[in-house]
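Coordinate analysis (summary)
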Amino acid sequence: MPIQIIVPEGALTPSGEAEAFGKLTELLLRLHGLTGNRFMTPNVIGEVTVVPKRRTYSGGKPADIAVFELKVPSFVLPTQELKDAWISEGTAIIEKAAEGRIKREHIFANVSYAVDGGWGIGGDAFSNAALGSAVAAA
């Protein structure tokens, strides 16, 4: 389940990057009741992408922004309540990690869904049912 955080240089310290990524991972697992799940935990992956200053934009003009993105199978965050929690709590995580260097209104989030059977781990394609079975078995 890839998480990507995109920020301009200087928005997050190296420790802030690690803290934000770790907390987003914990948030995703907690929202699904999977904290500590031996299958799911190591499969929450991703990166922090740091772009040069003045290479992030808002309204077509350079601006310090942060984006956190989640790509997941279609059964993840299935309710609006869970999506709301991901976005609200995730925004607070990024805002805290930025320590005032990014305005809250310049923190953006999105969730993208993979088609059933289009999820791969270690070269194996997993259907939603197969992923569910792997999570339950762990």
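Residues numbered from 1 in each chain as written. Predicted model: local features only at pLDDT ≥ 70, side-chain atom pairs only at ≥ 80, totals over all residues. Heavy atoms only, no water.

As annotated in an unreviewed UniProt entry, the chain is Tautomerase enzyme from Bradyrhizobium guangzhouense.

**Observations concerning the packing of helix H1 (residues 14–31) against helix H2 (residues 80–98)**
Filter applied, for reference: Think of each axis as a best-fit line through the C-alpha atoms, taken over the contacting stretch in the case of a helix, with angles from 0 to 180 degrees between the N-to-C directions. Labels follow the DSSP assignment, with helices taken as runs of H or I lasting at least four residues and strands as runs of E lasting at least two, numbered in each case from the N terminus. Any angle between 65 and 115 degrees counts as roughly perpendicular, while under 35 counts as roughly parallel, over 145 as roughly antiparallel, and the rest as oblique. Rotating anticlockwise by less than a right angle from the far helix to the near helix defines a left-handed crossing, while the corresponding clockwise rotation defines a right-handed one. When checking whether two residues touch, look at their non-hydrogen atoms; a contact exists if any pair is within 4.5 Å. Put simply, Ala, Val, Leu, Ile, Met, Phe, Trp, Tyr, Cys and Pro go in the nonpolar bin, Asp, Glu, Lys and Arg in the charged bin, and everything else, Gly too, in the polar bin.
It is at 9 Å that the axes of H1 and H2 come closest, and there the two elements cross at 165°. As the angle between them shows, H1 and H2 are arranged roughly antiparallel. The handedness of the crossing between H1 and H2 comes out as right-handed. For the pair formed by H1 and H2, the contact residues are Gly-16, Glu-19, Ala-20, Lys-23, Leu-24, Leu-27, Leu-28, Arg-30 and Leu-31 on the first element and Leu-82, Ala-85, Trp-86, Glu-89, Gly-90, Ile-93, Ile-94, Lys-96 and Ala-97 on the second. Each residue belonging to the contact of H1 with H2 can be placed in one class, and the counts come to 11 nonpolar, 2 polar and 5 charged.

**Observations concerning helix H3 (residues 128–137)**
Stated precisely, the cut-off is as follows: Type-normalised accessible area, obtained with a 1.4 Å probe on protein chains alone, sets the label of each residue: buried when under 20%, exposed when over 50%, and partly exposed for intermediate values. As used here, the arc is the angular range of directions from the helix axis to the C-beta atoms.
Residues of H3 that are buried: Asn-128, Leu-131, Ala-134 and Val-135. One side of H3 carries all its buried residues, which in axial view fall inside an arc of 125°. Exposed side chains of H3 directed beyond 90 degrees from the buried face belong to Ala-129, Ala-136 and Ala-137. Packed against the buried residues of H3 are strand E5 (66–73), strand E7 (119–121) and strand E8 (124–126).

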